[in-house]
Amino acid sequence: MENKPLNRRTFLTYLGTGATALAAASTGLGVLSETANAQSNSLLRTRPRKHGYHFQPIEPSTKDDLVLPKGYKYDVIASYGDVINKKGDTFGFNNDFTLYFPIYDSANHGLLWVNHEYTNPLYVEGEKVNDTYTSSQIEKLLYNQGGSIIEVIYDKRKGSWNMIQDSVMARRITGLTPFALTGPAKGSRAVNGASMVQGTFANCSGGRTLWNTVLSCEENYETTSADAKLDATHYGWVIEVDPFDPEFQVRKHTALGRFNHENASMGIAKDGRVVVYMGDDKKDACVYKFVSAGKYKESLGNKNSKLLEEGTLYAADLKNGKWLPLTLDAVQNAAKGKSDVLKKFQTQGDVVTNCHEAAILLGATPTDRPEDVEISPLDQTVFIAHTNNDKHGNIHGHITRFFEKDSDHGAAEFDFEIFAAGGRQSGFSAPDNLTFDSNANLWTVTDISSDKLNTAVWTSFKNNGMFMIPTAGRDKGVAFQFASAPVQAELTGPCFTPDERTLFLSVQHPGEETKDKLHPTSTWPQVRGGNRPRPSVVAITGFNF
């Protein structure tokens, strides 16, 4: 590569040889940690590759297609309504988070977990009658949310990824599936005495555990729980599913708190305790982490799930660089003299169920829609996508980087920086989901609201996109556009295969502003035929090193 400045509009993106040394020089931190990091989707315990990615960054686009750099292509592997198994289960609506699980360590054959966040009555359950859904409509509403476990395989002869539609391993986890509650709210008055609850929905992003299960996050659960006449306290939790073990009781971990969860990123403290970082996707919401009481033991496999039942939940105080423990004693002390607040917080179950209120009471910092959180595989710093907050004039959002004291995820103190800011100067607006490659490049997708795309101050960004941002080296913090979404779609859930030669990506709500099915604003993916948009998961190939 020529030794001259790069131009993000005209040249290739590169971060490869010497990435470890670059990171050490640019951050002042130690080089690649030996500590396991579960959340770098593709990159468990990996070291930087000798060569990085090369691609010609694309220009913003308004095309009704998934636009990629020259040399890359996508295969549509699953769309709304597709049959996923022998039983006849179908792929849900508005796919979001994806997570690849290799079968026999293969980068070409595995199970893919996919979240389903919400439905559209125009295409799924139909409109309400007298402001109420029928029982049949409620069943469709709940079935088409939750998650899909699908079996995917790369056909080397054809050079394409496909879903195995008669898979015996594929299954659905839906708004109808029975879930067990764990942790301090289980059986408590805060959840009206429930130990088992019905279903999961509003599943946005998620994470991988150190023991190779899925954490899926319930975000904007309020509408569906009201429409389905379900107890709202049973939703807004982090759920856990073992894709390979249908006998593993799917569960909701109340110790991780109840709020509008975007994702859950798992790391490990220096003393072996498990740590989960989480964002609360609403305006003026806080950043959280959970630290387990017990220590991780690899030999226990998915029995390590017990670690998520007991520990301490913290909220971030950015002004003082401290993690504030959300304990019953702390909350009650802060509520002294406020009888109505004290009445609300009588047990730790009350604290985790009313997490946002407890965090604000203790002095945690309200921030600008903290969504995805990811741990760098290079130096264990923590990156948080703050999508935006027009209440504060933060129209385009930013990405924050946390530096835990002594680089320890279990630390009680931290420092932070604004790593990258959205706006015309960076080329992106409204950063949302994040992931890393093994050279510590941060990949982000954007979530400009469908009704704002290509209007006003969002005009220059055109459709939503995907960007790669080096976190070390001479192009640290510079955003290179890798993909542009179809009309009114949002790109979500980026996830690499272990060899990093395939990137799974969800294309959510294409044509979301459609009012008349006969005249849709998008018809993507046209490869499926028909004059209608369909949320779909794609596999992007063309990555070379």
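You'll find the structure just up there.
Here's a quick rundown of the structure. (Residues numbered from 1 in each chain as written. Predicted model: local features only at pLDDT ≥ 70, side-chain atom pairs only at ≥ 80, totals over all residues. Heavy atoms only, no water.)

Ordered by their spatial adjacency, six strands build an open sheet running β8-β7-β12-β11-β10-β9, and the pairing between neighbours is mixed. This sheet does not close on itself; its edge strands, each paired only once, are β8 (196-198) and β9 (203-208). Strand after strand, the sheet turns through a mean of 35° between neighbouring axes, direction not considered. Note that strand β11 (residues 238-241) and strand β12 (residues 251-253) share three bridges and pair antiparallel. Paired with V238 across the strands is H253, a residue of β12. (Pairing = 2+ DSSP bridges. Helix = DSSP H or I, 4+ residues; strand = E, 2+ residues; numbered from the N terminus. Axes fitted to C-alpha atoms, helices over the stretch in contact; angles between N-to-C directions.)

Overall, antiparallel pairing links the five strands, which are arranged β13-β14-β16-β17-β18 in an open sheet. In the strand order of this sheet, the two ends are held by β13 (261-268) and β18 (322-325), each with one partner. The sheet shows a mean angle of 30° between the axes of neighbouring strands, taken without regard to direction. Here five bridges tie strand β16 (residues 287-295) to strand β17 (residues 311-317), and the two strands are oriented antiparallel to one another. Bridging from a neighbouring strand, S292 pairs with G311 of β17. Against the sheet, helix α7 (residues 355-362) makes contact with β14 (273-280), β16, β17 and β18, and its axis sits at roughly 100° relative to β16, the strand it touches most. (Contact = heavy atoms within 4.5 Å.)

Moving on, we get to unusual backbone geometry. Residue P525 is bonded to the preceding W524 through a cis peptide linkage, with omega at 0°. Residue position: P525 is located in the loop between β29 (502-508) and β30 (536-541). Even without being a glycine, D105 presents a positive backbone phi close to 60°. One can find D105 in the loop between β2 (95-102) and β3 (109-116). We classify D105 as exposed; its relative accessible area is 75%. Even without being glycine, A456 reaches a positive phi, approximately 45°. By the secondary structure assignment, A456 is in the loop between β25 (441-446) and β26 (465-470). (Buried < 20%, exposed > 50% of the residue type's maximum accessible area, 1.4 Å probe, protein only.)

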